[in-house]
Amino acid sequence: MDLQQAYLAAVVLAALALTLADKEAKKLWERLEHLDPDHDGVVTEQELKNFAFWERMKDLREDAEEQWTSLQVAPGDKLTFDWYKEKSYTDDYEDDLGPYGRTVQQDHTRFNASDQNKDGALDKEEFLAFLWAEEYPHMHDLITLETIEDLDQNGDGALNYNEYRGEGDGGDFMEDFEGDMEFKEFDKDEDGQLSHAEVKEWILGPTLDIIKEDEEKVAVVLSKLDKDEDGKLTRSEIEADPEVIETLRYDEDDDQFLHDEF
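These numbers come from a predicted model, not from an experiment. For every chain, the first residue of the written sequence is number 1, and numbering continues from 1 onward in sequence order. With pLDDT at 70 or above as the cut-off, local features in this predicted model cover only qualifying residues; side-chain atom pairs require 80 or more to be listed or tallied, and sums for whole chains, interfaces and linings still use all residues. As a rule here, side-chain values come from all non-hydrogen atoms in the structure, and water together with hydrogens is ignored.

Caption draft 1: Looking closely at unusual backbone geometry. Here Lys-118, not a glycine, exhibits a phi torsion of approximately 55°, which is positive. Along the chain, Lys-118 turns up in the loop between helix 5 (104–114) and strand 3 (121–122). Relative accessible area decides the class of each residue, using a 1.4 Å probe on protein chains only: under 20% of the type maximum gives buried, over 50% gives exposed, and in between gives partly exposed. The exposure class of Lys-118 is exposed, given its relative accessible area of 58%. The phi angle at Glu-229 is positive, at roughly 55°, despite the residue not being glycine. Note on conventions: DSSP H or I runs of at least 4 residues are helices, E runs of at least 2 residues are strands, and numbering of each starts at the N terminus. Within the secondary structure layout, Glu-229 lies in the loop between helix 10 (196–225) and strand 6 (232–234).

Written out as structure tokens, the structure reads:
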């Protein structure tokens, strides 16, 4: 092979390498389509957090889509509460409780809290927050109030030990109080009852831990890929080591993503 042939071969190999690299980059961004939703070529810290959240919610989105279909919302329409109530509260449910064990009033309050743009109806993302409120920080106070409403027998806005243990059945469990380390762990001020903040930690602790883990993962991703330390990632920074981004993706074998509200 003469010098000219060697040069041409090198050019062809270089072009092939670039083509393969382009194909791999295309495949990467197809897999990570929600990473850069505005397609500006830059991924911010908030977009990384949103991506981790999107990945974690995959199974719940599928569930919400099925429920949306079962509610027979017309294509292009949003879900109103009247329509939800008509389709959900049937003769199959007693004592004014709906399919998820909440009263009509509780569901209406949750519906309004999910309606972030306050247009009186829910789109699919807002409906997801309605169904899986524990995953959305703006819904956490509401979930806490729902729990207190369900268990607070004396109406003082807090849960004493019997209410915490009895799940609203009026039982007496005080003989177990001294040995219940879990209750005492949540009762931070040691006043023998759980306040709003303490109830929130009790029922949402695992979810808050997962949110914190997501934030820690995003921080690690930035520390590894953000070479110019500007707090955001370019596509070239991500493509330099795409396996780092994979740590934010949903793992179906990871049981921390299992939800058992229903």
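Now that the structure has been shown, the text picks up again.
Caption draft 2: Layout of the nonpolar core. Side-chain atoms within 4.5 Å are what join buried Ala, Val, Leu, Ile, Met, Phe, Trp, Tyr and Cys residues into a set we call a nonpolar core. Counting residues in hydrophobic clusters, the biggest one holds 26 residues, and the most contacted among them are Leu-79, Tyr-84, Phe-127, Leu-128, Phe-130 and Tyr-136. With 5 residues, the top contributor of residues to this core is helix 6 (residues 124–131). Contacts of Phe-127, omitting those with residues within four sequence positions, involve Ala-64, Gln-67, Trp-68, Leu-71, Leu-79 and Leu-122. Counting residues in each nonpolar core, the second largest holds 15 residues, with Leu-35, Leu-222, Ile-238 and Val-244 among its members. Contact definition: two residues touch when any of their heavy atoms are within 4.5 Å.

Caption draft 3: Region of interest: helix 7 (residues 140–151). To estimate how far a helix should reach, multiply one less than its number of residues by 1.5 Å. An ideal rise of 1.5 Å per residue puts 16 Å on 12 residues; helix 7 measures up with 17 Å between its terminal C-alpha atoms. Residues of helix 7 that are buried: His-140, Leu-142, Ile-143, Thr-144, Glu-146, Thr-147, Ile-148 and Leu-151. Those residues of helix 7 hidden inside the fold are in contact with helix 5, strand 4 (159–160), helix 8 (161–166) and helix 10.

Caption draft 4: Examining the packing of helix 3 (residues 58–70) against helix 6 more closely. Helix axes are fitted only over the stretch in contact, all axes being lines through C-alpha atoms; the angle between N-to-C directions runs from 0 to 180 degrees. The contact between helix 3 and helix 6 brings their axes to 10 Å, and the two run at 105°. Classified by the interaxial angle, the pair formed by helix 3 and helix 6 is roughly perpendicular. Together, Leu-60, Arg-61, Asp-63, Ala-64, Glu-65, Gln-67 and Trp-68 of helix 3 and Lys-124, Glu-125, Phe-127, Leu-128 and Leu-131 of helix 6 make up the contact between the two elements. Its residues assigned to classes, the contact of helix 3 with helix 6 shows 6 nonpolar, 1 polar and 5 charged. Note on angle classes: values under 35 degrees are labelled roughly parallel, values over 145 roughly antiparallel, values of 65 to 115 roughly perpendicular, and the remainder oblique. Residue polarity follows a fixed list, in which Ala, Val, Leu, Ile, Met, Phe, Trp, Tyr, Cys and Pro are nonpolar, Asp, Glu, Lys and Arg are charged, and the others, Gly among them, are polar.

Caption draft 5: A negative patch on the surface, seen in detail. Residues forming no salt bridge and having over 30% relative accessible area are the ones grouped into patches, like charges within 9 Å of each other and nonpolar side chains (Val, Leu, Ile, Met, Phe, Trp, Tyr) within 5 Å. All accessible-area figures derive from a Shrake-Rupley calculation using a 1.4 Å probe, and residue coverage is judged against the displayed protein chains alone. Each reported salt bridge corresponds to a side-chain nitrogen of Lys or Arg within 4 Å of a carboxyl oxygen of Asp or Glu. Only four residue types enter the charge count, namely Lys and Arg as positive and Asp and Glu as negative; His and the chain termini do not. Lys charges are placed at NZ, Arg charges at CZ, Asp charges at CG and Glu charges at CD. On the surface, a cluster of negative charge is made up of Asp-209, Glu-213, Glu-215 and Glu-216. Mapped onto the elements of the fold, Glu-216 is located in helix 10.

Caption draft 6: Examining helix 2 (residues 45–56) more closely. Counted at 1.5 Å a residue, the expected span for helix 2 with its 12 residues is 16 Å, and the 17 Å between its end C-alpha atoms agrees. When we look at burial in helix 2, the residues that qualify are Glu-47, Leu-48, Phe-51, Ala-52, Phe-53, Glu-55 and Arg-56. The inward-facing, buried residues of helix 2 contact strand 1 (42–44), helix 3, helix 6, helix 10, strand 6 and helix 12 (243–246).

Caption draft 7: Quick peek at the packing of aromatic side chains. Note on aromatic pairs: the rings of Phe, Tyr and Trp (six-membered ring only in Trp) are paired at centre separations within 6.5 Å, and the planes decide the class, stacked below 30 degrees, edge-to-face beyond 60, tilted for the rest. Summed over the entire model, instances satisfying the criterion amount to 11 aromatic pairs. On the numbers, 5.4 Å between centres and 70° between planes, the contact of Phe-81 with Phe-111 is edge-to-face. One end of the pair, Phe-81, is in helix 4 (residues 81–88); the other, Phe-111, is in helix 5, with 30 residues separating them in the sequence. When its relative accessible area of 7% is taken as the criterion, Phe-81 is described as buried. Taken together, a centroid distance of 6.2 Å and an interplanar angle of 15° make the contact between Phe-127 and Phe-130 stacked. Placement of both Phe-127 and Phe-130 in helix 6 is noted, with a separation of 3 residues, approximately one turn of the helix.

Caption draft 8: Examining the pattern of salt bridges more closely. According to the stated counting rule, one finds 12 salt bridges in the structure shown. In this structure, the salt-bridge partner of Glu-135 is Arg-56, at a minimum N-O distance of 2.5 Å. Note that Glu-135 is positioned in the loop between helix 6 and helix 7 and Arg-56 in helix 2, a separation of 79 residues in sequence. For Glu-135, a relative accessible area of 4% gives the class buried. Connected through shared salt-bridge partners, Arg-56, Glu-135 and Asp-214 make up one network.

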